[in-house]
Amino acid sequence: MSANKLTPQNINDSEILLSIKLHQQLFVDPKRIRLLQEIAQCGSINQAAKNAKVSYKSAWDHLQAMNEISPKPLLERTTGGKYGGGTQLTHYAIRLLQLYELLAQTQQKAFAILQDENIPLNNVLNATAQFSLQSSARNQLFGKVKIIEQHHAQTLIGIDITGLSQLIYATITQKSAVRLQLILNKEIMLMFKAPWLKLSSQPPSPLPRKNCFKGHIKTITTQGNHQEITIQVGNNIEFCALQDNSEHFNPNQTVWAYIEPESIILAGLL
């Protein structure tokens, strides 16, 4: 029997139920989250139970079980006022709802990347960036830190990108290096904008010692006074450059691409 093929439609129809335990006991699940959401909306346990289609006793048992293991109170009673007393969520309970929604969205997006076999699931940073990080930078690469050199107030980082024949270097401040907790072999993401990549039809003279890559042009797209150019610089590695029309380039032409180390932005998981 052949397995059903996953499509975007049935992925969207999938349901991933998230439960969280504390001290080996159930803390929250979809039913309890629904109950807290209803209390937040109506300010009444009785009405929240009706809206969630559970009995008042069942609702009370769920809330009591949660409060017994919760690090902080989830509910607070209010008295008086125009409509009398009621029950409100504490600030901690509101944050719990927000966290649950965040985790649910993350799970759904993580499940969706199964569709793209080009995304390696053994690389946490790569997979996380694919479904949660959006950037205006056209060039985004993933690699491992191989060199860390201190130069006064700056730190030079050499990164090994699979598919490139040489390291690519980024220069950042020492504080940034500390904040990113950079160590050798740490997975890192680097980004740079298309206009920052410089192209030349001839080898630069003198040839830069760092970040100068020989490649060939794959595509050219004209956009007004500019050309968006993709360059193959390694095995399955492409750079994107944005050039004005003052210099003419052709598809399949050999070019040299250069990026200043100071123009590269690094990102990583802590």
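The following refers to the structure shown. Note that the structure is a prediction, hence the values are computed from the model and not measured.

**Details of the sheet that holds strand E13 (residues 254-258)**
Pairing is antiparallel across the open sheet formed by five strands, whose spatial order is E9-E13-E10-E11-E12. Each of the sheet's edge strands pairs with one partner strand only, and the pair in question is strand E9 (198-200) and strand E12 (237-244). Going from strand to strand, the sheet's axes swing by 40° on average, the running direction of each strand aside. When strand E10 (residues 212-223) meets strand E11 (residues 226-234), the two strands line up antiparallel, connected through seven bridges. When the sheet's bridge partners are listed, Ile220 is paired in E11 with Ile229.

**Brief notes about the nonpolar core**
Among the nonpolar cores identified, the biggest contains 31 residues, and Ile168, Leu182, Leu190, Leu197, Ile231, Phe239 and Leu266 are the most heavily contacted of them. If you list the elements that add at least two residues to this core, you get strand E5 (139-151), strand E6 (154-160), strand E7 (168-173), strand E8 (187-192), E10, E11, E12 and E13. Those residues within four positions of Ile168 in sequence are excluded, and the remaining contacts are Ile157, Gly158, Ile159, Ile161, Leu190, Phe192, Asn211, Phe213, Ile259 and Ile264. Of all hydrophobic cores here, the second largest spans 23 residues; its members include Phe27, Leu36, Ile69 and Tyr100.

**Describing the packing of helix H2 (residues 30-42) against helix H5 (residues 91-112)**
At a minimum axis distance of 11 Å, the contact between H2 and H5 shows a crossing angle of 135°. Relative to H5, the element H2 lies oblique. Relative to H5, the crossing made by H2 is left-handed. Across the interface between the two elements, Pro30, Ile33, Leu36 and Gln37 from H2 touch Leu96, Leu97 and Tyr100 from H5. Of the residues assigned to the contact of H2 with H5, the class counts are six nonpolar, one polar and no charged.

**Points about the pairing of strand E2 (residues 25-28)**
Across three bridges, strand E1 (residues 20-22) lies against E2 in antiparallel orientation. Bridging from a neighbouring strand, Lys21 pairs with Leu26 of E2. Hairpin connection, E1 to E2: the antiparallel pair is bridged by two residues, and His23 has positive phi, about 55°.

**So, the packing of aromatic side chains**
The geometry of an aromatic ring pair is captured by the separation of the ring centres together with the interplanar angle, meaning the angle of the planes. Considering all chains together, one arrives at two aromatic pairs under this definition. Ring geometry for Phe192 versus Phe239: centroids 5.5 Å apart, planes at 85°, classification edge-to-face. Here the residue Phe192 occupies a position in strand E8, and Phe239 occupies one in strand E12, the gap between them amounting to 47 residues. Across this residue pair, the class does not change: Phe192 and Phe239 are buried. Each ring, one from Phe213 and one from Phe239, has its centre 5.5 Å from the other, and the planes form 90°; the classification is edge-to-face. With Phe213 in strand E10 and Phe239 in strand E12, this residue pair connects regions lying 26 residues apart in the sequence. Each member of the pair, Phe213 as well as Phe239, is classed as buried. Aromatic rings pair up to connect Phe192, Phe213 and Phe239 into one cluster.

**Brief notes about the side chain of Thr90**
Along the polypeptide, Thr90 turns up in the loop between strand E4 (86-89) and H5. Residue classification places Thr90 among the buried positions, given a relative accessible area of 10%. Side-chain polar atoms of Thr90 contact the backbone oxygen of Pro73, separated by 2.6 Å. The contacts of Thr90, once residues within four sequence positions are left out, are Pro73, Leu74, Leu75 and Glu76.

Conventions and cut-offs
- Residues numbered from 1 in each chain as written.
- Predicted model: local features only at pLDDT ≥ 70, side-chain atom pairs only at ≥ 80, totals over all residues.
- Heavy atoms only, no water.
- Pairing = 2+ DSSP bridges.
- Helix = DSSP H or I, 4+ residues; strand = E, 2+ residues; numbered from the N terminus.
- Axes fitted to C-alpha atoms, helices over the stretch in contact; angles between N-to-C directions.
- Core = buried A, V, L, I, M, F, W, Y, C linked by side-chain atoms within 4.5 Å.
- Buried < 20%, exposed > 50% of the residue type's maximum accessible area, 1.4 Å probe, protein only.
- Contact = heavy atoms within 4.5 Å.
- Parallel < 35°, antiparallel > 145°, perpendicular 65-115°, else oblique.
- Left-handed = near helix turned anticlockwise from the far one by under 90°.
- Nonpolar A, V, L, I, M, F, W, Y, C, P; charged D, E, K, R; others polar.
- Phe/Tyr/Trp six-rings, centres within 6.5 Å; stacked < 30°, edge-to-face > 60°.
- Polar contact = N/O pair within 3.5 Å; in protein donor to acceptor, adjacent residues only side chain to side chain.

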